[in-house]
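Given next are the chains, with one letter for each unit.
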Amino acid sequence: MSFCIFRQTLGQQMLEYDPRNRSYPGDDQLRVCTQQHKKRRASSKSSSADKYVDDGLSVSNVKKARVSDRICETLDDLNVHLKSFKSGTNAKACEVCGKNTLWKCSKCIKAICGPASRNWNQGCMVNFHNISFFGLTRSDSADVHKKKTNAWTPPTQALIGRNKRRIRALCEDIDKEEIRAGNNDLEDEEDEDERD
């Protein structure tokens, strides 16, 4: 690429660039962005809806959920979330049961029924961070299933059971894929050792 072509390409890119899209860090501090109405401002962070590309429960979505901060693989992970629970002043709908709650997980920044709530027996705190409940919460309705959040209804016991079986099957498929990938890597290493 010659210097003239490079300069023309860069000039075109500069003319088409709009900081209101917030493509780069610091764009939200520019005047054109700070003067925008709050409802029209887009966040510079990528939303969780961007990370779930497939619609509904799929192998790729479950893989992404397993490595996310929300899903707890061990009790130590869950303990970190439980310690981060804080009581607020504005009631919001719980992600699991849909009832108003003042509690939220500070690590996930989601409203979830806490220990002082009357519905503690439901275990909203634990269910939200459990892989078998993935796809049933309010935010999953929008992020995973691409539905409007206001159309979400709390899951029934039958739906929870079906979802649990579906997640278990998807996790088994993921584990099989990982084992196959690990075996292929071992075979490649053995082939390289034989060549040496």
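Placed above this text is the structure.
Residue indices begin from 1 for each chain and proceed along its sequence in written order. Per-residue local features of the predicted model are confined to residues with pLDDT of at least 70, and side-chain atom pairs are confined, for both listing and counting, to 80 or more; whole-chain, interface and lining totals are unaffected and use all residues. Side-chain measures were taken over the full set of non-hydrogen atoms in the model, leaving aside hydrogen atoms and water.

**Remarks on the nonpolar core**
At step 1: Here the nonpolar core consists of buried residues drawn from Ala, Val, Leu, Ile, Met, Phe, Trp, Tyr and Cys, with membership extended through side-chain atoms lying within 4.5 Å. Each residue's exposure class comes from its accessible area (1.4 Å probe, protein chains only) as a fraction of the maximum for that residue type: buried when under 20%, exposed when over 50%, partly exposed otherwise. Ranked by size, the top nonpolar core spans 14 residues in total, and within it Phe85, Cys94, Val96, Ile112 and Cys124 carry the most contacts.
At step 2: Of all the secondary structure elements, the ones that give two or more residues to this core are strand S2 (100-105) and helix H6 (124-128).
At step 3: Counting residues per element, this core draws most heavily on H6, which supplies three residues.
At step 4: Working rule for contacts: check all heavy atoms of both residues, and any pair within 4.5 Å makes them a contact. If near-sequence neighbours (up to four positions away) are discounted, Cys94 is found in contact with Lys99, Thr101, Ala111, Ile112, Cys113, Cys124, Arg138 and Trp152.
At step 5: Counting residues in hydrophobic clusters, the runner-up holds eleven residues, among them Ile131, Phe134, Val144 and Cys171. The helix and strand labels rest on DSSP assignments: H or I over at least four residues marks a helix, E over at least two residues marks a strand, and numbering proceeds from the N terminus.

**A look at the packing of aromatic side chains**
At step 1: When the centres of two rings from Phe, Tyr and Trp lie within 6.5 Å, Trp using its six-membered ring, the rings pair. Their planes under 30 degrees apart give stacked, over 60 give edge-to-face, and anything left gives tilted. Applying the stated criterion to the full structure yields one aromatic pair.
At step 2: Ring geometry for Tyr17 against Tyr24: centres 5.7 Å apart, planes inclined by 40°, an arrangement best described as tilted.
At step 3: Tyr24 sits in the partly exposed class, given a relative accessible area of 48%.
At step 4: The ring of Phe128 carries Arg70 above its face, with NZ or CZ at 4.3 Å from the centroid. Criterion for a charge above a ring: Arg CZ or Lys NZ at most 6 Å from the ring centre, at most 35 degrees from the ring normal.

**Regarding the sheet that holds S2**
At step 1: The antiparallel open sheet is built from three strands, whose spatial order is S1-S2-S3. Of all strands in the sheet, those bounded by a partner on one side alone are strand S1 (85-93) and strand S3 (110-111).
At step 2: The pairing of S1 with S2 spans five bridges and is classified as antiparallel. Across the sheet, residue Phe85 finds its bridge partner in S2, namely Cys105. Between any two strands, pairing holds if DSSP finds at least two bridges.

**Things to note about the side chain of His81**
At step 1: Following the sequence through the fold, His81 ends up in helix H5 (residues 75-83).
At step 2: Note on His81: relative accessible area 1%, which makes it buried.
At step 3: At a separation of 3.1 Å, a polar atom in the side chain of His81 contacts the side chain of His129.
At step 4: Non-local contacts of His81, meaning those with residues more than four positions away in its chain, are made with Asp69, Arg70, Cys72, Cys105, Lys107, Cys108 and His129. In protein, a polar contact means a hydrogen-donor-capable atom and an acceptor-capable atom, both N or O and within 3.5 Å, with residues adjacent in sequence counting only if both atoms are side-chain atoms; elsewhere, any N or O pair within 3.5 Å suffices.

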